[in-house]
Amino acid sequence: MDNVTLVFPTDEGWDSARQAWNLAVDQQPAAVALPESAEEVAQAVRFARDRGLRVVPQSTGHTASPLGDLSGALLVKTERLRSVEIDPEARIASADGGALWMDVTRAAAPHGLAALAGSSPDVGVAGYHLGGGISWLARKYGLAANNLTAVELVTADGRIVRADAENEPDLFWAVRGGGGNFGVVTKLELRLFPIAEVYAGTLFFPADRLREVLHAWREWTDTVPDEVMSVGRFMQFPPIPDVPEPLRGRSFALVEATFIGSEEDGVELLRPLRDLGPVMDTFASIPVQTLDKLHMDPEHPVPGIGDGMLLSDLTPDAIDRVAELLSGASSLLSVEFRHLGGELANARPENGAFASVEAGFATFAVGIPMTPEIAAGVESEIAYVQAALAPVDAGRMYLNFAEKPRTGKVLFGDAYHRLREVKAAYDPEDLFKANHPVPPARGPRPRHRTAAVEARVVVD
Ligand SMILES: Cc1cc2nc3c(=O)[nH]c(=O)nc-3n(C[C@H](O)[C@H](O)[C@H](O)COP(=O)(O)OP(=O)(O)OC[C@H]3O[C@@H](n4cnc5c(N)ncnc54)[C@H](O)[C@@H]3O)c2cc1C
């Protein structure tokens, strides 16, 4: 068996090895492991444990910002584990722990199958599922996490464990919403759905119509079936060559939507919003795997400062307050509202730790910190947007949209107590450091540090 690749601060390639997708995050771990198999992940876990280092699992670093100090940790990046296999009969994708969404959606599409993918093609399948996973098909099929059929992970004792409804059921429950606290995920089995095409697109309106558009969209969301998932959004396109000319440097009020159904029915459903007279309309029947362009997310690493909230409702007053804030010059790139409900609200008994999303809408605000001054502006504007939405705060954060350090019931709800018990059973010494921690019940047991001195020698 080959040895897992370890990169240390004095090695060539250190800076690219430690880099997160979010370029605004400066990760400085003790070392980085780049495993190419589940066995190599297990080697990395044992290496860290024996030297008193913690283990930080990461597939892309999209949500690296809450991680904090990594100086006593081995960063285990699963980016070299990207194989995907499709079982078209069973409608299951088996994706490695470092697979990106584009790896899965493109493998599933030739079989006429769709995955519950995130809006961006290069979000990691692992981190997305561990935090819940809200896709363009979510109101119809629920959280992606609750459509997992099995997860393989390397646990704190260095074992490669398969968790599903029959094997290690507590662990299977915990990883479906409890984040990366329980091991390094090396494989996920996820359900696929027989959808080849959807009716989807974006209506673009001038940004000075934001208030009117958000009100109309919000009223429209009360009328649509679960087959419709949509976003109301303020967006400023940066003045960079990557952005197509008609959008470059301009601001818009947007409605993005996906309808699982025919074009004819989709046209009818969309009519009230089309009647508002958008300046651009991209709606069409499209291959389902191209939904990863709809939200216009960056498809390569960028610096970002963002944060989200779950909202009990998006009331007319809340819309007015946010539209007022965004009516002048803003450092924010995007402020979006995602319509939730439908299957997302169904806490089925077989679901995992994030059983249902008890909120009507999710919101996320983000900006690109090109300079320290812009970074400060982005931080304060996100705080203003969140303050404006405080009266409709659902009292719970969505793990995948939480980009500041948080823990406890605000992130994990009523599942928090049981998650801590599962953590105590599988990782009593708190070896795994996730971006949003679940500490073991009754506190972490002291860790073995037999080889810590040796580690310092190796690592310095
Ligand atoms: C541009 C963009 C678009 C997005 N769109 C959506 C969307 O449509 N819907 C949605 O729900 N979310 C969305 N998100 C949020 C996204 O789901 C989170 O950022 C998620 O954490 C990404 O997972 P990752 O593996 O890429 O990131 P990472 O930062 O690598 O992982 C986040 C955390 O997950 C855990 N983790 C990751 N990989 C592993 C592993 N192999 N084993 C164990 N633990 C692991 C770790 O605790 C890690 O700190 C989006 C984010 C961005 C930046």
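Preceding this paragraph is the structure being described.
Sequence order sets the numbering: in each chain, residues are counted from 1 along the sequence as written. Side-chain atom pairs in this predicted model are given and counted only at pLDDT of 80 or more, local residue features only at pLDDT of at least 70, and totals for whole chains, interfaces and linings cover all residues. Hydrogens are left out, water is left out, and the side-chain values use all remaining heavy atoms of the structure.

A. The pairing of strand S8 (residues 160–164), seen in detail. In the sheet, strand S7 (residues 148–154) pairs with S8 via five bridges, with the strands oriented antiparallel. If you follow Glu152 over to S8, its bridge partner there is Arg162. In sequence, S7 turns back onto S8 through a hairpin of five residues, with Gly158 there showing a positive phi of about 85 degrees. In this description, strands pair whenever DSSP reports at least two bridges between them. The secondary structure listing takes helices from DSSP runs of H or I that are at least 4 residues long and strands from runs of E that are at least 2 residues long, numbered from the N terminus.

B. Focus on the site of the ligand. Neighbouring residues are identified by heavy atoms, a residue being near a molecule or strand if any of them is within 4 Å of it. Around the ligand, a shell composed of 33 residues is seen, among which Ser59, Thr60, Thr63, Gly124 and Tyr398 lie nearest. At 3.3 Å from a nitrogen atom of the ligand is found a main-chain nitrogen or oxygen belonging to Gly97. Distance and chemistry together define a polar contact, namely a pair of N or O atoms within 3.5 Å, with one atom able to donate a hydrogen and the other to accept it when in protein, and with adjacent residues in sequence counting only for side-chain atoms on both sides. One of the side-chain nitrogen or oxygen atoms of Arg338 is found 2.9 Å away from an oxygen atom of the ligand. Broken down by secondary-structure element, the contributors of at least two residues to the shell around the ligand are strand S3 (54–58), helix H4 (125–131) and strand S9 (184–191). In terms of residue count, the dominant contributor to the shell around the ligand is H4 (four residues). For this classification, the nonpolar set comprises Ala, Val, Leu, Ile, Met, Phe, Trp, Tyr, Cys and Pro, the charged set comprises Asp, Glu, Lys and Arg, and every other residue, Gly included, is treated as polar. Class assignment for the residues of the shell around the ligand results in 13 nonpolar, 18 polar and two charged. Start and end points for every domain follow an automatic or database-based domain assignment. Both of domain 1 (5–79 + 421–459) and domain 2 (84–194) provide at least three residues apiece to the shell around the ligand.

C. Structural context of the pattern of salt bridges. When a carboxyl oxygen of Asp or Glu is within 4 Å of a side-chain nitrogen of Lys or Arg, the pair counts as a salt bridge. Tallying each qualifying case throughout the model produces 32 salt bridges. Of the charged contacts in the structure, one is a salt bridge between Arg162 and Asp164, with a shortest N-O distance of 3.0 Å. For Asp164, a relative accessible area of 7% translates into the label buried. Note that Glu212 and Arg209 form a salt bridge whose closest N and O atoms lie 2.7 Å from each other. For the exposure calls, accessible area comes from a 1.4 Å probe over protein chains only, and a residue counts as buried if that area is under 20% of its type's maximum, exposed if over 50%, partly exposed in between. Since its relative accessible area comes to 35%, Glu212 is described here as partly exposed. Salt bridges sharing partners connect three or more residues here, namely Arg54, Lys423, Asp427 and Asp430.

Keep in mind these numbers describe shape, not what the thing actually does.
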